[in-house]
Amino acid sequence: MALDNSLRLSDYTIPIALEAEPGKTLLVHGYTGAIDVVDSELWQTLKDFPNGNNLSSEEIELLGKRGYLTSKTTEEERAYVAKFAEKLHESRLKLQKNFGFVVTYDCNFRCPYCFENAISKHGTAWSKQSMTPELVDRAFEAMLEIEPRKELHKKSILLYGGEPLLRENHDIVKYIVEKGVENGYRFSVITNGYDLDYYEDLLTIENFIDFQVSIDGWREYHNRRKYHFREGGSFDKVMSNIGLLLKHDIPVSVRVNTERGNFKDIDRLTEYFKEIGYHDNPRFKMYVANIDEIKGVNKAKSLKYMGKEEFLANLKASSSGLSHSREERIHRSFSRYFNGRKRLSFVAEACTGQTGTHLFAPEGGIYTCLETVGKKEHSIGYFNRPAIEWTEARSRWFGKHVGNSDNCRDCKYALFCGGNCAIKEFEGKRETQLCFRYSSILNDAVNKAYSEFCNNKQV
Ligand code: SF4
Ligand code: SF4
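Note that the structure is a prediction, hence the values are computed from the model and not measured. (Residues numbered from 1 in each chain as written. Chains lettered and ligands numbered in written order. Predicted model: local features only at pLDDT ≥ 70, side-chain atom pairs only at ≥ 80, totals over all residues. Heavy atoms only, no water.)

Asker: Could you give an account of the site of ligand 2, naming the residues involved and the relevant values?
Answerer: Close to ligand 2 lie N407, C408, C411, A414, C417, G419, N420, C435 and Y438. Where the shell around ligand 2 is concerned, the elements lending two or more residues are α13 (414-417) and α15 (432-458). Tallied by class, the residues present in the shell around ligand 2 amount to six nonpolar, three polar and no charged. (Near = heavy atom within 4 Å. Helix = DSSP H or I, 4+ residues; strand = E, 2+ residues; numbered from the N terminus. Nonpolar A, V, L, I, M, F, W, Y, C, P; charged D, E, K, R; others polar.)

Right, dumping it as structure tokens:
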């Protein structure tokens, strides 16, 4: 069979040297989804293809079928990926819708980096607004207006704030939870955990799927940053409330917010969670987040913000065994693939804020991203009226995908990464450090998944 002379190495071929099998390389293709373990020599041959290759026509044909060799030009490949992302995005838009309640904008803590600090400029009365039973009823109606097919609603509704579980909001939270459960939903909560003990009557696995509780490092550090506006340091109370959730068999993810000043605390916290028995509870998880500086929103002199590069290097050097959330996502996806349970999936977005998240807020706004609640320019619509009124922001949020992002369209990782966080891109802050690091994040996550797979095969 005559070989196609225009064949060349595809721009979307991703090589990953396998630490568990020296001399072998994992080839991953960025839009066919092919994955193959090959001799590293073959990768060297492909890099220079067609120069000096002695591949048989069958091998070349196979490499072409997998996508590593292609007759498409660079422009044709980019156009293909852009179209692929657009189709993927269109189908995601038609699928699942996620809902959430911003129970209140009010909070009992005064964290210096909170991106909702900007809301306080609207005045105290505005930020003290909370959901009312009428608004809750209207939000449940609006959910059906947004997607009449209830089977396409995610069955977990998010409770968010401000702080969603303030003790004074017990009655409205009870109203939301009871109404949700009656209608076939359960709840996830993002909370600072301080007033959780006031909610013990509601803490059942029938009501709640999981909780995320944020802490800011070891006791002294945490207490300096996350203090109750009247009662002071919160560390011990929050720790005890995490125990309360576990006592009721409710899964908890502890998110440790870090910056340069408290990063070292994660090793101590890991040890502490082992000592008090949380670490070995299958319902307990801990992960680390880097506090991002959002200029003009959460700039705090007391914080020493780390860039992504520094954060990832510190995480790698720590003995906690914890990983970055993006690395974790890649690791999960490749682990499932290696264990034969699932095909590798592609994504066209950084998060569901670009597809189907609708957060109902107490002033009547609807938002898609947690970091934008209360910012009028990002409200995609209003539900506090007889029919939802959508705004121009809706098409901006739901129209964005990796295929129409100037920054990402040409990137070989586009359909694995999903692109930049939309809010950063809208506000002109591209995560160039993340892009720079993406190949190394992918490399670490895939190698971790592959090594685990090899070790499991041996036992
Ligand atoms: S847009 Fe960015 S900040 Fe907002 S939910 Fe998505 S990833 Fe998070
Ligand atoms: S954010 Fe960076 S790594 Fe991700 S798709 Fe865009 S350019 Fe590629």
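Once the structure has been displayed, the description carries forward.
Asker: Explain the sheet that holds strand β14 (residues 357-360) to me, using residue names and the numbers behind them.
Answerer: Sheet strands pair by backbone hydrogen bonding; their relative direction is either parallel or antiparallel. Spatial strand order, β13-β12-β9-β8-β7-β6-β14-β15-β16-β17: ten strands in an open sheet with mixed pairing. The two strands at the open ends of the sheet, each matched to only one other strand, are β13 (284-290) and β17 (389-390). The pairing of strand β8 (residues 186-191) with strand β9 (residues 208-215) spans five bridges and is parallel. The residue of β9 that forms the bridge with T191 is V213. Helix-sheet contacts for helix α6 (residues 170-182) involve β6 (98-102), β7 (156-160), β8 and β9, and the interaxial angle to β8 is about 150 degrees. (Pairing = 2+ DSSP bridges. Contact = heavy atoms within 4.5 Å. Axes fitted to C-alpha atoms, helices over the stretch in contact; angles between N-to-C directions.)

Asker: Provide a residue-level description of the site of ligand 1, including the pertinent values.
Answerer: As a matter of local geometry, ligand 1 sits amid C351, C369, E371, W397, C421, A422 and I423. When the residues that make up the shell around ligand 1 are grouped by side-chain class, the tally is six nonpolar, no polar and one charged.

Asker: Hey, could you go over the packing of aromatic side chains for me, with residue numbers and the actual values?
Answerer: Enumeration according to the criterion identifies 27 aromatic pairs in this entry. Relative to F84, the ring of Y80 has its centre 6.3 Å away and its plane inclined at 55 degrees; by these criteria the two rings are tilted. With Y80 and F84 both in helix α3 (residues 74-94) and four residues apart, the pair spans about one turn of that helix. Aromatic pair W218 and F235: ring centres 5.3 Å apart, planes at 65 degrees, arrangement edge-to-face. Linking W218 in the loop between β9 and α7 (219-225) with F235 in helix α8 (residues 235-247), this pair joins segments that are 17 residues apart in sequence. When its relative accessible area of 0% is taken as the criterion, F235 is described as buried. Among the aromatic residues, those joined into a ring-pair cluster are Y12, Y31, Y80, F84, F334, Y337, F338, F346, F416, Y450 and F453. Of note, K237 hangs over the ring of Y194, and the distance from its end group to the ring centre comes to 4.3 Å. One cation-aromatic arrangement involves R394 over W390; the distance from NZ or CZ to the ring centre is 4.1 Å. (Phe/Tyr/Trp six-rings, centres within 6.5 Å; stacked < 30°, edge-to-face > 60°. Buried < 20%, exposed > 50% of the residue type's maximum accessible area, 1.4 Å probe, protein only. Lys NZ or Arg CZ within 6 Å of the ring centre and 35° of its normal.)

Asker: Pulling in residues and values, what's your account of the nonpolar core?
Answerer: If you look at the biggest cluster of nonpolar residues, it comprises 104 residues, and the most contacted ones within it are F101 and F360. Broken down by element, this core gets its largest block of residues, nine residues, from α15. Counting residues in each nonpolar core, the second largest holds 13 residues, with L27, V38, L55 and L69 among its members. (Core = buried A, V, L, I, M, F, W, Y, C linked by side-chain atoms within 4.5 Å.)

Asker: Pulling in residues and values, what's your account of the sheet that holds strand β4 (residues 35-39)?
Answerer: Read from one edge to the other, the open sheet built from three strands follows the order β2-β3-β4, with strand pairing classed as antiparallel. Each edge of the open sheet carries a strand with a single partner, namely β2 (13-17) and β4. If you compare each strand with its neighbour and ignore which way they point, the axes differ by 30 degrees on average. Sheet topology note: the β2/strand β3 (residues 24-29) ladder contains five bridges and is antiparallel. Counted as the bridge partner of I14 is V28 from β3. Sheet strands in contact with helix α1 (residues 40-48) are β2, β3 and β4, and its direction is about 100 degrees off that of β4.

Asker: Please give an account of unusual backbone geometry that cites residues and values.
Answerer: With an omega of 5 degrees, the peptide bond between F49 and P50 qualifies as cis. Examined against the element boundaries, P50 turns out to sit in the loop between α1 and α2 (57-66). In this chain, G161 is followed by G162 through a cis amide linkage whose omega measures 25 degrees. Secondary-structure assignment places G162 in the loop between β7 and α6. Phi is positive for D249, which is not a glycine, with a value near 60 degrees. Within the secondary structure, D249 is located in the loop between α8 and β12 (252-258). For D249, a relative accessible area of 38% translates into the label partly exposed.

Asker: Explain the pattern of salt bridges to me, using residue names and the numbers behind them.
Answerer: Applying the stated rule across the entire model yields 29 salt bridges. For the salt bridge of R8 with E77, the shortest nitrogen-to-oxygen distance reads 3.0 Å. Here R8, found in strand β1 (residues 8-9), pairs with E77, found in helix α3; they are 69 residues apart in sequence, far enough to count as distant. Judged by its relative accessible area of 0%, E77 is buried. Note that R138 is salt-bridged to E145, the shortest N-O span being 3.0 Å. Look at E145 and you get partly exposed, because its relative accessible area is 37%. (Salt bridge = Lys/Arg side-chain N within 4 Å of Asp/Glu carboxyl O.)

Asker: Explain the pairing of β8 to me, using residue names and the numbers behind them.
Answerer: Counting buried positions over the six residues of β8 gives five, a clear majority of the element. With four bridges joining them, β7 and β8 adopt parallel strand pairing. Among the inter-strand pairings, S156 is bridged to a residue of β8, identified as R186. On the question of chirality, the crossover connecting β7 to the parallel β8 by way of α6 is right-handed. (Right-handed = clockwise from strand over helix to strand, strands pointing away.)

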